[in-house]
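Structure at a glance
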Amino acid sequence: MKMVFVNVMHELHDFDSTASISQPPVPLGVLNGVTPKTLQTSLVDEQTEALRFDGDVIAFSLATQYAAKVYRHADDLRAAGKKVILGGIHVTVCPEEAMRHADAVVTGEAETIWPAVCADLLAGKLQPRYDGSPTPPERMAPVDYRFFSGRKYLTPASLFATRGCNHRCTFCVSSHFMGPYRTKPLPVLEAEIDQLQELYPGAFLQFTDDNLLASRGYATELLALLRRKQRRFITMVTLDQLCDAGLLRELAASGCLGVAVGLESVDEDNCLSVGKRQNVGQPFPEAVRQANDLGIQVCALLMVGLPHDTPGRLARTLEYLSRVPCSLFDFRIMRIYPGSSLYQPMVARGEVAEAWWLAPEPVASNHFLPGHLRVHFRHPHFRPEELQRWALRLTCELDRLSAGAVAHALRVGRRAEAAKFATILLAARNRTVKQARKLLAQLERGTDFELAAA
Ligand code: B12
Ligand code: SF4
């Protein structure tokens, strides 16, 4: 029996800011590792190839944003006699919905239950629903990255060392659903690092953990391992971690080239309104400068459309951030995901449509904007197109490749003897700003058309 694991991308993904960091779908590699050898497995990843379904069983990973697209494929495949299995974060959050489009769904982390699912499949006794459970560290096995070989990813050496997060930001889904914070045993991680070194010599490691450094004790051991392995790496950090001078020095000494920090908003009432307490009272600009002095590039992740945003505030945000030497700014419009603690109360208040991911796009400009710029909720101070314009304007202004910005990123890169990484970042910034300009022009044209039609 042939099983195909499928990683789908949402429409217009090429215009998404995450497109510039294409990376292997590691969770599918985790599942492949625990699939019985009697099943022949392969991978189709829409980041690197067109979708095709040459197998008897098609196993999709689902996030909310492209759930409707997967359901359409799933329905067609089942009508054609194939078996469909769905799993991933959206299935975990909306299992009943997913069950309408699948022969079986698997909720939660799946690797401990997956061998049983496959056994049932092979025996012709597939159940409609399986509930996975948080994988205990002793069951975490090294991912075999040969599953992804031959594919061109921008950051192929992508891995994670921890699961879960100790914070509970109200817009976040994974921290609410994916179990308690756990750490991978270091020998398992070391085996992955060694294999990645063999497959992609010289490529920097990209940690995709929600909160890699949440446990200070584990972080120290992990950083010591990376130092010993002499591997360069990038990771996400929380703002309080970026502002921890001791941790920053440890990161730099262990080969950290860059960090992406969840800043979300420069206004503390906004951060507090979404439960981002760890951002309050932190000296962000100073921390960026300190990181830069140590040779660490900083990418700031922000959201537009937080509860206290107003046009005046966003204008001040622009002014404030233009003085902070981040190598990249990533703006996306706030999204209200099912499973986040914002979703139900906002549905009840009529501020977001129930199951918006299945409905036709409510905003005309959503049709030609990528997922991170689509609006599905009502904001007290902005019309949807205004939020979109602001997100694009902020990107155009702050990611502009001025001579000063280029010189700064190269200087930071030279400090860590990582000029190549600096050029990769500058290329990503260039691409981001060019796409934002293009989308902004398109938005102006599209809205003009809509207004004219009205
Ligand atoms: C790394 C990451 C990415 C990487 C993806 C790398 C890759 N190619 O895989 C990048 C940066 C590209 C990315 C992009 C996006 N991401 Co993302 N991402 C993550 C992150 C931080 C880690 C994922 C991970 O590795 N988890 C660890 C593994 C072990 O857990 P897992 O993925 O859940 O997999 C387990 C189970 O879910 C299950 N499972 C998963 N797939 C399948 C499939 C089958 C068949 C079965 C049976 C089981 C199963 O078994 C796995 C092993 O136990 C998560 C947060 C999180 N912690 O999950 C967000 C997260 C998944 N992303 C999210 C979002 C919103 C996005 C984007 C839509 C962002 C955007 N552009 O607006 C895009 C979508 C990309 C796309 N496909 O179109 C949300 C999803 C929310 C939702 N309800 O859908 C999350 C949960 C973060 C959040 N906001 O809370 N992302
Ligand atoms: S710090 Fe990040 S991963 Fe943790 S709860 Fe907040 S948004 Fe989610």
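Source: prediction; values computed, not measured.

**Focus on the pairing of strand β11 (residues 233-237)**
Judged by how many residues are buried, β11 sits mostly within the fold: four of five residues are covered. Two strands pair when backbone bridges link them, and strand β10 (residues 205-207) and β11 are joined in this way by two bridges, in the parallel orientation. Paired with Q206 across the bridge in β11 is I234. Handedness of the crossover is the feature at issue here: the chain leaves β10, passes through helix α8 (residues 216-229), returns alongside β11, and the resulting connection is right-handed. Where β11 meets strand β12 (residues 256-264), five bridges bridge the pair, whose relative direction is parallel. Within β12, the residue paired with V237 across the bridge is V261.

**Structural notes on the nonpolar core**
Counting residues in hydrophobic clusters, the biggest one holds 129 residues, and the most contacted among them are L86, V259 and V304. Among the elements that take part in this core, helix α17 (residues 419-453) stands out by supplying seven residues, more than any other. Composition of this core by domain shows at least three residues from each of domain 1 (2-131) and domain 2 (155-440). Ignoring any residue separated from it by four or fewer positions in sequence, one finds V259 in contact with I234, T235, M236, V237, L242, A291, I296 and V298.

**Let's talk about the domain arrangement of the protein**
Taken as a whole, the protein is organised into domain 1 (2-131) and domain 2 (155-440). With centres defined by C-alpha atoms, the gap from domain 1 to domain 2 works out at 26 Å. If you look at the interface, domain 1 gives 20 residues, while domain 2 gives 27 residues. Of all elements in the fold, only α2 (67-79) and α3 (89-93) reach the threshold of two or more residues within the side of domain 1 that touches domain 2. A per-element tally of the side of domain 1 that touches domain 2 places α3 first, with three residues. Per-class residue counts for the side of domain 1 that touches domain 2 are 10 nonpolar, eight polar and two charged.

What counts and how
Residues numbered from 1 in each chain as written. Chains lettered and ligands numbered in written order. Predicted model: local features only at pLDDT ≥ 70, side-chain atom pairs only at ≥ 80, totals over all residues. Buried ≥ 20, exposed ≤ 12 C-beta atoms within 10 Å, placed from the backbone. Helix = DSSP H or I, 4+ residues; strand = E, 2+ residues; numbered from the N terminus. Pairing = 2+ DSSP bridges. Right-handed = clockwise from strand over helix to strand, strands pointing away. Core = buried A, V, L, I, M, F, W, Y, C linked by C-beta atoms within 7 Å. Domains from an automatic or database assignment. Contact = placed C-beta atoms within 7 Å. Nonpolar A, V, L, I, M, F, W, Y, C, P; charged D, E, K, R; others polar.

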